[in-house]
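Chain and residue survey
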Amino acid sequence: MNNLVKTLINRMSRVTQTPLTQKHMDILEFAHTYYEKNRVGPLYLNLKKNTGASRDEIEDLFPHGLTSVYTWVGIPIQTGREICKPMAMVDVDDYREVYFDHNATSYIRDEVKETLISYYQGSFGFGNPSSSTNPGKIAYDTLQNARSQISDCLKVKSNEIFFTGSGSEANNMAIKGIAFQHLENRGHIISSKVEHPSVLKTLQYLEKLGFRVTYLDIEKNGLIDVNSVKESLSEDTLLVSLMAVNNEIGAINPISEIGEVCKKANVPFMVDGIQGFCKIKLKPTEMGISLLSMSGHKIYAPKGVAALYVNKDISLESLIHGGGQESGLRSGTENVGSIMAFGLAAKLAYSEMEKENKRLLELRDYFLEGLQKIEPGVIINGSLEQRTANNLNIGFPNIDSGSLLLSLNQIGIYVSAGSACSAGSKEASYVIKALGVDTDHYGIIRFSFGLPNTKEDINYLLKYLPSILEQLKAEKAD
Ligand SMILES: Cc1ncc(COP(=O)(O)O)c(C=O)c1O
């Protein structure tokens, strides 16, 4: 413990008139070390195991029990409903790292990594794709090849693909790009309450500029009702912007049906395709999609590279002005290496899509079956049928989702929580809230599977989950 913590302990002991004993110090020392390592305070159970002090003893030794232990060594705690609960502790004898968070991001797969290495080693030159020199021509051809690889996945023309620096940028480029063409008359946009922040925040910004936005509700199964789109269309609707696949619950929207409605109304249809690209079939020409965003890091390519499909009949206002790259839509010298990697990753993911979806579905069913045996009270958020094969969003009864996430993290299992800290937190995900899930009683965890995951990974999770849930439930009941 550093001097600052020691001073804090002495001060707290004085203020609360609690004479310090060796037992106090052992408990405080362990709590401090534990927090330094895990960034969360230990449970009573952990303290007992490591210092021998029972809950009753700790409550006798410290004026406010565990809360005092935390405050005395500077472990931040919040009060009320937003309290971050401590995590469970399990001893694992077969530690492995299991990544179940592919909706957040993916690693770079080997084939793509090799391409990146050869690019950065100079095998593809360093030229500027806008230059007329030989190195420039090589870089230009590299870009065009990647453009074709992406357009092949959507069955569109390669000159309808524009590269950007992120999926968020592609969403901004599409939505603002259309809206800025209507600055004179402003107008109406239809979207939903469960879009990604890169869409929602863009729409809120446009509202400040005087645009009107209808945010559609979702059905109980997590999907948009086509009729709600139809009913919300008005004379001045200039865009419908809806996601193909929801990032939290994996729900797949009825894109073709919505596309048909938009086509009939002659309103451009923008699809945030970032969680759906190479996971479900997305064919803009057949499905009435005018604009569609994709992002590299969801499909085993690097972060910071993405693309927007823009139908040839759609015209967009450009957001980044300069040298006129990407046909004037997005100035800035292209990130050739990453784009090249993105093209290859898309080609591979698209060609494997059917087989991989089948494999993931089997894996997901296997997981769900095991999970329901361990905890029959779990709920599945969103439709199980209309969802991508790689996603399962689960509500655990009477479990703090933040604690569950950290407990799993401690044994090498990585997932996402549907609330920032605890079940019932004000921070509970807006997507889960929109579904009407009782976040006071369910801790929400998203499992998203990917290429490297196997049955052994699931078995590892199922092996340790019962003990974790048992400890967390005991802690919550106290
Ligand atoms: C549905 C959806 N849209 C947009 C984005 C933003 O993409 P990026 O991280 O490339 O900016 C994400 C990323 O999580 C997403 O899941």
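Residues numbered from 1 in each chain as written. Predicted model: local features only at pLDDT ≥ 70, side-chain atom pairs only at ≥ 80, totals over all residues.

1. Focus on the overall build of the protein
From N to C terminus, the protein includes 16 helices and 13 strands. Reported as C-alpha extents along the three principal axes, the dimensions of the protein are approximately 75 × 55 × 45 Å. (Helix = DSSP H or I, 4+ residues; strand = E, 2+ residues; numbered from the N terminus.)

2. Things to note about the site of the ligand
Surveying the vicinity of the ligand reveals 14 residues, the closest of which are Gly167, Ser168, His196, Asn247 and Ser295. Tallied by class, residues from the shell around the ligand come to three nonpolar, ten polar and one charged. (Near = placed C-beta within 6 Å. Nonpolar A, V, L, I, M, F, W, Y, C, P; charged D, E, K, R; others polar.)

3. Considering the sheet that holds strand β10 (residues 391-397)
On the basis of which strands lie adjacent, the open sheet formed by four strands has the order β9-β10-β13-β12 and antiparallel pairing. The outermost strands of the open sheet, each flanked by one partner alone, are β9 (379-380) and β12 (416-417). In this sheet, strand β13 (residues 442-448) lies alongside β12 in antiparallel orientation, the contact comprising two bridges. Looking at β13, one finds that Ala417 is bridged to Ile445. Each of β10, β12 and β13 is contacted by helix α14 (residues 401-410), which is oriented at about 40 degrees to β13, the strand it contacts most. (Pairing = 2+ DSSP bridges. Contact = placed C-beta atoms within 7 Å. Axes fitted to C-alpha atoms, helices over the stretch in contact; angles between N-to-C directions.)

4. Observations regarding the sheet that holds strand β2 (residues 161-164)
One open sheet accounts for seven strands, arranged β2-β8-β7-β6-β5-β3-β4; its pairing is mixed. Of all the strands in the sheet, the pair left with one neighbour each is β2 and β4 (212-216). Recorded for the sheet is a direction-independent mean angle of 20 degrees between the axes of neighbouring strands. The strands touched by helix α9 (residues 197-208) are β3 (188-192), β4, β5 (237-243) and β6 (269-272); relative to β3, the strand with the most contacts, the crossing angle is about 155 degrees.

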